[in-house]
Amino acid sequence: MAKKNINEMSFLDHLEDLRWLLVRSTVAILIMSFFAYLISDYLFDTVIFGPTRPSFFTYVYFCELSHSLGFADSICITEMPFIIQNTEMEGQVNVFIWMCILFGFILAFPYILWEIWKFISPALYNNEKKNAKIFIFFSSLLFFLGVVFGYFVVIPMSVNFVATFTISPTVINQFTLDSYMGMVKTSMIASGLFFELPIIIYFLSKLGLVTPDFLRKYRKYAIIIVLIVAAIVTPPDVVSQTIVAIPMLLIYEASIFISVFVSKKEKNN
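Heads up: these notes are all about the structure in this document.

## Here's the deal with the overall build of the protein chain
From N to C terminus, the protein chain includes 11 helices and two strands. Listing the helices and strands of the protein chain from first to last along the sequence gives α-α-α-β-α-α-α-β-α-α-α-α-α. Restricting the contact set of the protein chain to residue pairs at least 6 apart, pairs at least 24 apart contribute 78%. Approximately 16400 Å² of the protein chain is accessible, and the part contributed by carbon and sulfur atoms is 68%.

The structure is reproduced here in structure tokens:
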């Protein structure tokens, strides 16, 4: 399809471009999902169920860190007092398919960003179009950092908290497969998208929808929300809560810096 000037394109032309964006992105996700299928044994046994074992990297590292800081062994994990069970006839089949699609989406994320950039680029200035590679690189980097943060920090802390929290010794934790996978999916994708906040703030600032003063005004509320989230997903100790909260606060502060940069640039223009 020949490229058209943005002013000459009709609403139906835009819908057609959007349709092909969705088609190509879906194909990319399916290709990456097939790759995830090829390594499914490693994906499930080592990656997805890794945080359910006391030998997982995060637990070992936090234990060593607590020792170096002079804290007690309460943060060290020696067992996971729960089991994961499947209670539905097609439960494992559905989980297998959707987790492959999830990792397919994660792996295809840079390509999806490229498709989105091509879709919005006709509305950008020529100097902005030259920043495509920078946009793709930093957006993908932030997303992958968020996924890694979710996997190595949020998921292990959440698993440890729900596994050790008990209202009575009478109650035995037997989590369903679907609930565990739901927590894994939510933690990884939510963290990945949260780390995209600086990119989102960049575009919102360019559109004039967000200002540095607005972000500074609501900073105290953002800090409270981050601390509440950190307290929910971590055990009741300072080390774990700090490790979860600091990266999230840094992301918010980076967003303020980016908004200041965009605002000054817009004023100079």
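## A few points about the pattern of salt bridges
Inspection of every chain in the model, using the stated rule, returns five salt bridges. Between Asp-213 and Arg-216 there is a salt bridge, with its nearest N and O atoms 3.4 Å apart. Highlighted residues: Asp-213 and Arg-216, both in helix H9 (residues 212-217), separated by three residues, approximately one helical turn.

## Regarding helix H7 (residues 177-194)
Given a rise of 1.5 Å per residue, 18 residues ought to cover 26 Å, and the 26 Å separating the end C-alpha atoms of H7 matches this to within 8%. Within H7, burial applies to Leu-177, Tyr-180, Met-181, Val-184, Ser-187, Met-188, Ile-189, Ser-191 and Gly-192. The inward-facing, buried residues of H7 contact helix H2 (40-48), strand S1 (82-85), helix H4 (91-120), helix H6 (132-164) and strand S2 (173-176).

## Here's the deal with the environment of Thr-46
By the secondary structure assignment, Thr-46 is in helix H2. Setting aside its immediate chain neighbours within four residues, Thr-46 contacts Asp-41, Arg-53 and Tyr-151.

## Focus on H6
With 33 residues, H6 extends 46 Å from end C-alpha to end C-alpha; this agrees with the ideal 48 Å at 1.5 Å per step. The principal kink in H6, of about 35 degrees, is found at Gly-150.

## Considering the nonpolar core
Ranked by internal contacts, the top residues of the largest apolar core, which has 57 residues, are Phe-44, Ile-48, Met-99, Phe-103 and Met-181. Mapped onto this core, the elements with two or more residues apiece are H2, helix H3 (57-68), H4, H6, H7, helix H8 (197-206), helix H10 (219-233) and helix H11 (238-268). In terms of residue count, H6 provides more of this core than any other element does, 14 residues in total. Apart from the residues lying within four places of it in its own chain, the contact partners of Phe-103 are Ala-36, Leu-43, Val-47, Ile-48 and Met-188.

## A look at the packing of H6 against H8
The geometry of H6 relative to H8 is characterised by a closest axis approach of 9 Å and an angle of 135 degrees between their N-to-C directions. Looking at the two axes, H6 sits oblique to H8. Of the residues in H8, those in contact with Phe-135, Ser-139 and Leu-142 of H6 are Pro-198, Ile-199 and Phe-203.

## Focus: the environment of Phe-44
Here Phe-44 lies in helix H2. Of the residues examined, Phe-44 reaches a relative accessible area of 10% and is grouped as buried. Taking the C-alpha atoms as reference points, Phe-44 and Phe-96, 52 residues apart in sequence, are found 8.7 Å from one another. Those residues in contact with Phe-44 that sit more than four places away from it in its chain are Phe-49, Val-95, Phe-96, Met-99 and Met-181.

## Examining the packing of aromatic side chains
The full count for this structure, using the stated rule, is 24 aromatic pairs. Ring centres of Tyr-202 and Phe-203 lie 5.3 Å apart, and the angle between their planes is 85 degrees; this geometry places the pair in the edge-to-face category. An aromatic cluster of three or more residues is present, and its members are Phe-56, Phe-57, Tyr-59, Tyr-61, Phe-62, Tyr-151 and Phe-152.

## Notes on a nonpolar patch on the surface
Nonpolar side chains collect at one region of the surface, where Phe-34, Phe-35, Tyr-37, Leu-38, Ile-39, Tyr-42 and Leu-107 lie side by side and expose about 720 Å² of accessible area between them. The element that contributes the greatest number of residues to the nonpolar patch is helix H1 (residues 11-38), accounting for four residues. Along the chain, the position of Tyr-42 falls in helix H2. Look at Tyr-42 and you get exposed, because its relative accessible area is 52%.

What counts, and where the lines are drawn
Residues numbered from 1 in each chain as written. Predicted model: local features only at pLDDT ≥ 70, side-chain atom pairs only at ≥ 80, totals over all residues. Heavy atoms only, no water. Helix = DSSP H or I, 4+ residues; strand = E, 2+ residues; numbered from the N terminus. Contact = heavy atoms within 4.5 Å. Areas by Shrake-Rupley, 256 points an atom, 1.4 Å probe, with all protein chains shown as cover. Salt bridge = Lys/Arg side-chain N within 4 Å of Asp/Glu carboxyl O. Expected span 1.5 Å × (residues − 1). Buried < 20%, exposed > 50% of the residue type's maximum accessible area, 1.4 Å probe, protein only. Bend = angle between axes of the 7 residues up to and from the residue. Core = buried A, V, L, I, M, F, W, Y, C linked by side-chain atoms within 4.5 Å. Axes fitted to C-alpha atoms, helices over the stretch in contact; angles between N-to-C directions. Parallel < 35°, antiparallel > 145°, perpendicular 65-115°, else oblique. Phe/Tyr/Trp six-rings, centres within 6.5 Å; stacked < 30°, edge-to-face > 60°. Patch = residues over 30% accessible without salt bridge, like charges linked within 9 Å, V, L, I, M, F, W, Y side chains within 5 Å.

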